[in-house]
Amino acid sequence: MKAPVLIALSTLLALAAGLSHAQGKTREAVKAELAEAVRMGDIPLLDNGLTPRDLNPSAYPARPAPVGKTREQVMTELAEAKRMGDYPVFENGQTPREVNPSAYPARATPAGKTRAEVQSELAKAIRVGDTPLLENGMTPREVNPHLYPAR
């Protein structure tokens, strides 16, 4: 292999390993993901950002087709959108609800947290060091793990 390709692969492997470690993936899982990406031709190896799949799509297996919605699901969603006035019918893209909001039922709003609940969560986050207070976005727990209780 050429040196740039080796450098790109090693950099990608190191990056993938670092990101996956943060997500709790094992080294073997990262290696398997990298092998799959190489097999599918999805790793950009050229300076222009093109992947081998972009250059020669017939050399790689077809990607699985995305799972779509059934006709019944689409019809149900359309009926609900019409009932709520949430579909664009005017040339400017406006919906009937935007033109005449009083003609449609009110939308259900999700129940929010009370002020006391939010304050309690904030106090706990501060106590265990999970608030990103530093300029670099790190939490106090990440900077000084010995100062905070184990999870």
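This text follows the structure it describes.
A short tour of the structure in this document, coming up. Remember, predicted model here, so these are calculated numbers, not experimental data.

1. Details of the overall build of the protein
Now for step 1: Helix and strand counts for the protein stand at 7 helices and 0 strands.
Now for step 2: In sequence order, the protein lays out its α and β elements as α-α-α-α-α-α-α.
Now for step 3: Per-residue burial for the protein yields a buried fraction of 15% across its 151 residues.
Now for step 4: Restricting to contacts in the protein with at least 6 residues of sequence separation, those with at least 24 account for 5%.
Now for step 5: With the model as given, the accessible surface of the protein reaches about 12100 Å², and the carbon-plus-sulfur share is 60%.

2. Some details on helix α2 (residues 27–40)
Now for step 1: With 14 residues, α2 should reach 20 Å at 1.5 Å per residue; the first-to-last C-alpha distance of 20 Å fits that figure.
Now for step 2: Here α2 has its buried residues at V30, L34 and M40. In a view along the axis of α2, the buried residues occupy a sector of 135°, so they form one face of it.
Now for step 3: Looking at the residues trailing α2, positive phi occurs at G41, about 75°.

3. What to know about the side chain of T51
Now for step 1: Looking at the secondary structure, you find T51 in the loop between α2 and α3 (52–55).
Now for step 2: The class for T51 is buried, based on a relative accessible area of 11%.
Now for step 3: Those residues within four positions of T51 in sequence are excluded, and the remaining contacts are G41, D42, I43 and P44.

About the thresholds
- Each chain has its residues counted from 1, running along the sequence as written.
- It should be noted that, the model being predicted, local features are given only for residues of pLDDT at least 70 and side-chain atom pairs only at 80 or more, the latter also being counted only at that level, while totals for whole chains, interfaces and linings use all residues.
- The basis for every side-chain value is the complete set of heavy atoms in the structure, and neither hydrogens nor water enter the calculation.
- In this text, helices come from DSSP runs of H or I with a minimum length of four residues, and strands from runs of E with a minimum of two, each type numbered from the N-terminal end.
- Only protein chains enter the calculation, and the probe is 1.4 Å; a residue is then buried if its accessible area is under 20% of its type maximum, exposed if over 50%, and partly exposed in between.
- Working rule for contacts: check all heavy atoms of both residues, and any pair within 4.5 Å makes them a contact.
- Here the open area of atoms and residues is found with the Shrake-Rupley method and a 1.4 Å probe, where only the protein chains shown may cover a residue.
- A helix's residues, less one, multiplied by 1.5 Å, set its expected span.
- Comment: arc refers to directions from the helix axis out to C-beta atoms.

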